[in-house]
Amino acid sequence: DILVHPDSPLTRLAELRDQSMDLLHARLKASGSPAQRAFMDQLAISRAQARNISDALVNNLAAVQDNDVAGQSLGAATLIAMNVTPVVVMRVPFGGDNHGDPDLINETEQTETGVKAIATLMDTLKQYQLEDRVTFATLNVFGRTLRQLGTSGRHHWADHQVSLMIGRGVRAGVVGGVVPGPSQDYTALPIDSSTGVGSIDGDVPVAQTLASFGKTLGSAVGLPAQVVEQNIGLGKTITSALV
């Protein structure tokens, strides 16, 4: 609502601010110091920048009428194009809490729609020439059993999880892998940080793969290696996943 200029008290406050700025500018022009005038000029520039946002982008936000994937994708691309925020969070369902998902019907349907949703987002970013400025990432905080347990869906499974990154700094490919585990289900392998291959001899243990994803994502979006290491104490950057 703020960005699409509604008829509200907030909009009228902006008019009051303009009047006050004009009065201050006139006073400082007559008797202010160079430093004071420079400070006011900076405020005026920032005001003009905020109001020079493309009408097309503002109209995009006004066109968002639903919290569906299309609305979220358009909203995300528009906010990034406006330089309003460095990070946008959106929700892409992939089955959710599927303990009670007989025959995995919901998960199957949402896997298809989820992949299409990501494609929609990437197409929208490309439409606004943002595909090389944005890195998309999604992850699960824990995995699910890979074998179907009767008709009761799938259950929590701490021995693997799946993450995805798309962006200019990310190399296409698959990192890690799974093998049959001791409990009649599959478990993730350690990862070789230099090759990304799942291997029993990998230098990233399974318990640190989530931290490694965080480090790799940080590197992919351009954070300095020192910052990544200072803020994430476990795991290693998977260098083979980076361009």
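A brief structural summary.

So, how was this worked out
Residues numbered from 1 in each chain as written. Predicted model: local features only at pLDDT ≥ 70, side-chain atom pairs only at ≥ 80, totals over all residues. Heavy atoms only, no water. Helix = DSSP H or I, 4+ residues; strand = E, 2+ residues; numbered from the N terminus. Expected span 1.5 Å × (residues − 1). Buried < 20%, exposed > 50% of the residue type's maximum accessible area, 1.4 Å probe, protein only. Contact = heavy atoms within 4.5 Å. 1 Å grid on protein atoms, 1.4 Å probe; cavity = no way out; pocket = protein on both sides within 12 Å on 5 of 7 lines; lining within 4 Å. Points joined across faces, edges and corners; volume = space filled by probe spheres on them. Nonpolar A, V, L, I, M, F, W, Y, C, P; charged D, E, K, R; others polar. Core = buried A, V, L, I, M, F, W, Y, C linked by side-chain atoms within 4.5 Å.

## A word on helix 6 (residues 209-220)
Okay, so step 1: Over its twelve residues, helix 6 runs 16 Å from end to end, which matches the ideal 16 Å to within 8%, given 1.5 Å per residue.
Okay, so step 2: For helix 6, the set of buried residues is Thr-209, Ala-211, Ser-212, Phe-213, Lys-215, Thr-216, Gly-218 and Ala-220.
Okay, so step 3: Tucked inside the fold, the buried residues of helix 6 contact strand 1 (136-139), strand 4 (163-166) and helix 7 (225-231).
Okay, so step 4: Once helix 6 ends, the next one or two residues include Gly-222, with phi positive near 100°.

## Some remarks on the side chain of His-160
Okay, so step 1: With respect to the helices and strands, the residue His-160 is situated in the loop between strand 3 (156-157) and strand 4.
Okay, so step 2: Given a relative accessible area of 10%, His-160 falls into the buried group.
Okay, so step 3: Beyond its immediate chain neighbours, meaning those up to four positions away, His-160 contacts Phe-142, Gly-143, Arg-144, Leu-146 and Ala-188.

## Describing unusual backbone geometry
Glycine aside, residues mostly have negative phi angles, and peptide bonds mostly take the trans form.
Okay, so step 1: Residue Asn-83 is not a glycine yet carries a positive backbone phi of 60°.
Okay, so step 2: Even without glycine at this site, Gln-129 takes up a positive phi of about 55°.
Okay, so step 3: With respect to the helices, strands and loops of the structure, Gln-129 is situated in the loop between helix 5 (105-127) and strand 1.

## Thoughts on the layout of surface pockets
Okay, so step 1: Estimates place the volume of the largest pocket at around 1500 Å³.
Okay, so step 2: Lining the largest pocket are 48 residues, and of these Phe-136, Ala-137, Thr-138, Leu-139 and Leu-164 lie nearest its centre.
Okay, so step 3: Per-element tally for the lining of the largest pocket: the top contributor is helix 5, with six residues.
Okay, so step 4: Split by residue class, the lining of the largest pocket holds 25 nonpolar, 16 polar and seven charged.
Okay, so step 5: A volume near 910 Å³ is recorded for the second largest pocket.
Okay, so step 6: The wall of the second largest pocket is formed by 39 residues, among which Gln-161, Val-162, Ser-163, Val-175 and Gly-176 lie closest to the centre.
Okay, so step 7: At the level of secondary structure, the elements contributing two or more residues to the lining of the second largest pocket comprise strand 4 and helix 6.

## A few points about the nonpolar core
Okay, so step 1: Ile-80, Leu-121, Met-122, Leu-125, Leu-130, Val-134 and Phe-136 are the most contacted members of the largest nonpolar core, which has 13 residues in total.
Okay, so step 2: When contributions to this core are tallied by element, the ones reaching two or more residues are helix 4 (69-81) and helix 5.
Okay, so step 3: Here this core takes five residues from helix 5, the largest share from any one element.
Okay, so step 4: Residue contacts for Ile-80: discarding those within four places in its chain leaves Val-88, Leu-125, Leu-130, Arg-133 and Val-134.
Okay, so step 5: Counting residues in hydrophobic clusters, the runner-up holds five residues, among them Val-170, Phe-213, Ala-220 and Leu-242.

Coordinates in, geometry out; function isn't part of it.
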